[in-house]
Amino acid sequence: MDLWNTIKQYISSTQTDNAFVTALPHNADARQAIDAYLQEAQGRSYWNLKAQELEAGRTILSADPSFQIAVLLTALTVTTALLSPEDRPLVYRLRPLVSALTRRALPYTDSDLLRLAQAAPNADCRAQPAIVRILMERLGDDGELSAPMRDALETWSENMDEATADAAKLHMQLHDLLAGTKRAPVLSGEPWGDSVLDNLAGMTAAERAQWNALLTHAMAADAAKPSAKWLNQARPLVEAIGQDAFLERLKAWTALFTAHHLPPNHEPEGAYERYLEWTRLSTLLNHNYSALKGLAWGCRLIENDARIPALLGDLADHALRKIPGHGPKSAKIGNACISSLGAMSGMAAVAQLSRLKRKVKYVASQGMIETALAEAAQRAGLPAEDLEELATPTFDLDESGQRREELGEYFAELALTSAGHVELMWSDRDGKVLKSVPAEVKKNHAETLKELKQSADEMGKMLPALRDRLEGLLLADRSWKVTDWRERYIEHPVMGTMAHRLIWSFTDGERSMLGMWRNGEIVNEIGQTLPSISKDAVVRLWHPLGADPQTVLAWRQWLETHEVRQPFKQAHREIYVLTDAEIATATYSNRFAAHIIRQHQFQALCRERGWRYQLQGGFDGANTPTLNLPKHGLRAEFWVEGGEGHAMSASYIDLYVSTDQVRFYNDQGTLLPLADVPPLLFSEIMRDVDLFVGVCSIGNDPNWRNNDGVRNYDAYWTGYSFGDLTATAQTRRDVLSRLLPRLKIANQCTLEGKFLHVRGELRAYKIHLGSGNILMEPNDQYLCIVPDRKKDAKADATNVFLPFEGDQTLAVIFSKAFLLAEDDQIKDATILRQIRS
């Protein structure tokens, strides 16, 4: 049976009142053109077929537009009729032709549009979005639909299955058509859209018309970046609203965006309806968020407004945060913000891009940020690293890291503390420190108060990124002239609060020295002022790898004696060198193999440290955590494995994975001998892996007991919880050995091997220096104390000084030691019951 007999048989078997079938004129020329097209396409792969590649396809596409419409309608008849599996290749080969025709602006008559609508319900799924787009473009804005057209659209809508996001989007568009709108700027049915619609309803008619016009235009923001035409059309719409009104409304809608979240996409057994609701909500949000994307584009039309970079930076940061089971909350909003920041002149935009570079882990957005920074650097005629340093904001602080404002009878002081924390403090004219904002300030200086709070908030968000940038210098081998170093780090009011607490290496001709900035001078590890350093000296951030152990120890003691808390481990940084076992294996390390780690926590930490890793589970193939170091021509891999026996989440993701080898490859993908990896790179990467295991191992969980009954992990848990110390735990032991004598509980504490022994009034205890878990003497009975994660453990340890930030386990060990030293004062019944058992 040939193609057209198949179609004839299909028509005869369908309802006789099918308007599309009975009204369709069977254009003989169109049939012949499709026959020729399919004959030429026979034997060609249909997966990458293009209509323009075939002579018959080119003939159709160059024909009279009315003939192209006839071919399209006839082709839709074919895809409707060919339902058997053996006929699907014909449908696939027709897809490129249908796609090419539907992309064209053809002169459809009302009769043609009706036939498209009637064909759509049974048409190939790839053609349906194009059909609805044509209908939305051609049916006009007057809301008047003919009775046959309304019947056709209602039939399509009623018979649509919304089980996929694409189908839900089509259903939403059909709803718009039937409601008489070409494109609704914002739709109701989700919290953000509902709030925006409420805002619009509260405006005057004139304001609402202006915003509807802008939002409608914003909804057309469907490309990666705005075209000149889009921007030219947006400019008068933004100007009609006004710059201040535009930014205030955008700020309010951004706050709504950050307040509302798409729920995680889980599909537990028996919850198909929940999955469908998630699909509906996701599609609705994706539609509505196009408006926010367009408004982010519109920000580039406003020049020299200091509010915009921070607003776009915050919006991008939130939009690109991961939602479990979904990915970034809205990649298109985040990328639109990055695009607009990249198009702006001035250092404030560069500062936000630099901040996002260290916060955003979404790979595609990372590429956009790198490109935007590179283009900004090219415009400025500077290397990207120099531009980022010069763009670091000061927040109007003076060189001491403070900003003082006189507000009537009161003073506000915005400051960075010596520990690098942001504080906004109030005092009266007598110098008395106040606990809260004075009422007079709230009443008479509201704008200044608002600006101060905003600066404090922005500073708090910027500081972690600046800290990460500083720590990244340990691996970057970056250097400066002394004058540049002082300007960008030591004398900078924000960077200075961290740079003053770090150790720097100075090379001045033949002289090499280490020093730290202290009270306006550079001092060495014994507190002596360094000899005069010339302006041509070269400065680098010091790394302890390769340093004399006595020098490292001296710096540690100096930091602890002067209670200087480094923003990250530098003097106390763990060093990893090749072991005999690694020399023997040659190309891989098993140093951190055979651990059981929590996968979700591990993935989050991978993202934080710049490693690429996707969750694996029942429906996903294994993937390998990877760190790319293109500037060094290297790639590191840390092998992990899920699989049979591991517990799974409701969405079939492994809760735990097992660790295996660490390997290194060059940029050609060749496996490298470990001895060929630069020692500094090897040490820093192994430190990352140690961190992954140390933070994510189930051995750190004080509540762990044969988890979920899936696999007996007790042997591993016991072995890790009370086993040999890692390099990180060895550093804790070293710090404890010097800090313990200063504590009020010193007489009750001793360090023995891998434990801190604490003598209480009721019992004696051993706290493991790796996991922080506790055994009670004399029988090594386990004591479960779960730290309160909502509470800062550093504050619990009666303000014990720690010489570096970032080791939460060390703070927990101190907190537990103080608690157990006074075990007769413990009120928690659960803990007391264990102690007295």
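The preceding data block contains the structure.
Analysis parameters
Residues numbered from 1 in each chain as written. Predicted model: local features only at pLDDT ≥ 70, side-chain atom pairs only at ≥ 80, totals over all residues. Heavy atoms only, no water. Helix = DSSP H or I, 4+ residues; strand = E, 2+ residues; numbered from the N terminus. Buried < 20%, exposed > 50% of the residue type's maximum accessible area, 1.4 Å probe, protein only. Contact = heavy atoms within 4.5 Å. Areas by Shrake-Rupley, 256 points an atom, 1.4 Å probe, with all protein chains shown as cover. Phe/Tyr/Trp six-rings, centres within 6.5 Å; stacked < 30°, edge-to-face > 60°. Pairing = 2+ DSSP bridges. Axes fitted to C-alpha atoms, helices over the stretch in contact; angles between N-to-C directions. Salt bridge = Lys/Arg side-chain N within 4 Å of Asp/Glu carboxyl O.

Q: Just to check I follow, could you spell out the overall build of the protein chain for this structure?
A: The number of helices and strands found in the protein chain is 33 helices and 21 strands. Residues classed as buried in the protein chain amount to 50% of the 837 residues present. Across the protein chain, the fraction of contacts at a sequence separation of at least 24, relative to all contacts at a separation of at least 6, is 65%. Only carbon and sulfur atoms are counted for the fraction: they give 50% of the accessible area of the protein chain, which is about 39200 Å².

Q: Honestly, the packing of aromatic side chains in this entry has me stumped. Any pointers?
A: Applying the stated criterion across every chain, the model contains 23 aromatic pairs. With a centroid separation of 6.2 Å and 90° between ring planes, the pair formed by W717 and F722 is classed as edge-to-face. For W717, a relative accessible area of 5% gives the class buried. Exposure remark for F722: the relative accessible area of 13% places this residue in the buried category.

Q: What's the story with the sheet that holds strand β10 (residues 521-523) in this structure? I'm lost.
A: Sheet strands pair by backbone hydrogen bonding; their relative direction is either parallel or antiparallel. Across the sheet, five strands lie side by side as β7-β11-β8-β9-β10; this open sheet has antiparallel pairing. Each having just a single partner strand, β7 (479-481) and β10 make up the two edges of the open sheet. Sheet twist, expressed as the mean angle between neighbouring strand axes with direction ignored, is 40°. Bridge analysis of strand β8 (residues 504-508) against strand β9 (residues 511-518) gives five bridges, and the strand direction is antiparallel. When the bridges of β9 are listed, T507 appears paired with S512.

Q: What's the story with unusual backbone geometry in this structure? I'm lost.
A: Working note: non-glycine residues mostly have negative phi, and peptide bonds are mostly trans. Of note, the bond from E777 into P778 is cis; its omega dihedral lies within 30 degrees of zero at 10°. Following the sequence through the fold, P778 ends up in the loop between β20 (774-777) and β21 (781-783). The phi torsion at D477 lies on the positive side, around 50°, for a residue other than glycine. Here D477 is to be found in the loop between α22 (446-476) and β7. Positive phi, normally seen in glycine, also occurs at A594, with a value near 70°. By the secondary structure assignment, A594 is in the loop between β12 (588-589) and β13 (596-598).

Q: Just checking my understanding: could you explain the pattern of salt bridges for this structure?
A: Close approach of charged atoms lets side chains of opposite charge pair. Using the criterion set out here, one finds 45 salt bridges in the structure. Across the pair E137 and R133 runs a salt bridge whose closest N-O atoms are separated by 3.7 Å. Here E137 and its partner R133 are both found in helix α8 (residues 128-138), four residues apart, which amounts to about one turn of the helix. Linked through salt bridges whose partners overlap, the residues forming this network are R467, D468, E471, K569, R573, E574, R609, E684, R687, D688, R732 and D807.

Q: Help me understand the environment of H445 in this model?
A: Mapped onto the elements, H445 comes out in the loop between α21 (439-444) and α22. You can call H445 partly exposed: its relative accessible area is 22%. In this structure, the C-alpha to C-alpha distance between H445 and L407, residues 38 residues apart in sequence, is 6.8 Å. In contact with H445, not counting residues within four places along its chain, are L407, G408 and E440.

Q: Just to check I follow, could you spell out the sheet that holds strand β18 (residues 755-759) for this structure?
A: Strand order in the open sheet made by the five strands is β17-β18-β19-β20-β21, with antiparallel pairing throughout. Every interior strand has two partners, whereas the edge strands, β17 (749-752) and β21, have only one. Across the sheet, the mean angle from the axis of one strand to that of its neighbour is 30°, orientation sign disregarded. The sheet contact formed by β20 and β21 spans three bridges and is antiparallel. Bridge pairing in β21 links L775 to Y782.

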